[in-house]
Amino acid sequence: VRNVFMRHVNSEENMMIQGISTRDTDVPETKEVVAEIYCSIGNDKYMNELVARLNIEPSVTSVSWKKV
């Protein structure tokens, strides 16, 4: 999943990853991954495409994004 994520974010010239962290969840053997992405221009369409792409990965149970 990480390679898929990195490839897609790095393919967009206005985006860069600022940080990736993991947290334990209430579900055994499951982790929550939080990625902070900086984008110099608003690109909701690309973020929606990235979420859709990550969501089809077999080990992914949920994907979402928000602007901060």
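Scope of this entry: the structure provided in the associated data block.

Conventions we followed
- Numbers given for residues are sequential positions, taken from 1 along each chain in its written order.
- Restriction of local features to residues with pLDDT of at least 70 applies here, the model being predicted, together with a cutoff of 80 or more for giving and counting side-chain atom pairs; totals for whole chains, interfaces and linings are based on all residues.
- Derived side-chain values reflect all non-hydrogen atoms in the structure, with water molecules and hydrogen atoms excluded from consideration.
- Labels follow the DSSP assignment, with helices taken as runs of H or I lasting at least four residues and strands as runs of E lasting at least two, numbered in each case from the N terminus.
- For every residue, the accessible area (1.4 Å probe, protein chains only) is compared with the maximum for its type, and the residue is labelled buried under 20%, exposed over 50%, or partly exposed between those bounds.
- Residue contacts are counted whenever heavy atoms from the two residues lie within 4.5 Å of one another.
- Under the convention used here, a 1.4 Å probe and the Shrake-Rupley method define accessible areas, while residue burial counts only the protein chains that appear.
- Neither His nor the chain ends is counted toward charge; the positive residues are Lys and Arg and the negative residues Asp and Glu.
- By convention, the point assigned to a charge is CZ for Arg, NZ for Lys, CD for Glu and CG for Asp.
- Should DSSP find at least two bridges between two strands, the strands are regarded as paired.
- The axes are straight lines fitted to the C-alpha atoms, using for helices just the contacting stretch, and the angles between their N-to-C directions are given from 0 to 180°.
- Each angle is binned into one of four classes, with values under 35 degrees roughly parallel, values over 145 roughly antiparallel, values of 65 to 115 roughly perpendicular, and all other values oblique.
- In this scheme the crossing of two helices becomes right-handed for a clockwise turn of the near helix relative to the far one and left-handed for an anticlockwise turn of less than a right angle.
- Each residue is assigned to one of three groups, with Ala, Val, Leu, Ile, Met, Phe, Trp, Tyr, Cys and Pro labelled nonpolar, Asp, Glu, Lys and Arg labelled charged, and all others, Gly among them, labelled polar.

## Observations regarding the overall build of the protein
Alright, step 1. Secondary structure assignment for the protein yields two helices and two strands.
Alright, step 2. Of the regular secondary structure in the protein, the N- to C-terminal order runs α-β-β-α.
Alright, step 3. Within the span of the protein, comprising 68 residues, buried residues form 19% of the whole.
Alright, step 4. Contacts spanning at least 24 positions in sequence make up 37% of the contacts within the protein whose residues lie at least 6 apart.
Alright, step 5. For the protein, the exposed surface amounts to about 5500 Å²; the carbon and sulfur share of it is 49%.
Alright, step 6. Positive and negative side-chain charges in the protein, numbering 8 and 10 respectively, have mean positions lying 2 Å apart.

## Regarding the pairing of strand β2 (residues 31-39)
Alright, step 1. Where strand β1 (residues 15-24) lies against β2, nine bridges are found, and the strand directions are antiparallel. Within the sheet, the bridge partner assigned to arginine 23 lies in β2 and is glutamate 32.
Alright, step 2. Counting the residues between successive antiparallel strands, the hairpin from β1 to β2 contains six residues, one of them, glutamate 29, with a positive phi of roughly 60°.

## Here we look at the packing of helix α1 (residues 2-10) against helix α2 (residues 44-55)
Alright, step 1. Viewed as axis vectors pointing N to C, α1 and α2 meet at an angle of 160°, and their least axial separation amounts to 10 Å. Here α1 is positioned roughly antiparallel relative to α2, judged by the angle of their axes. The crossing of α1 and α2 is right-handed. Judged by residue contacts, Val4, Phe5, Arg7, His8 and Val9 of α1 engage Tyr46, Leu50, Arg53 and Leu54 from α2.
Alright, step 2. A breakdown of the residues in the contact of α1 with α2 according to their chemical character gives six nonpolar, one polar and two charged.

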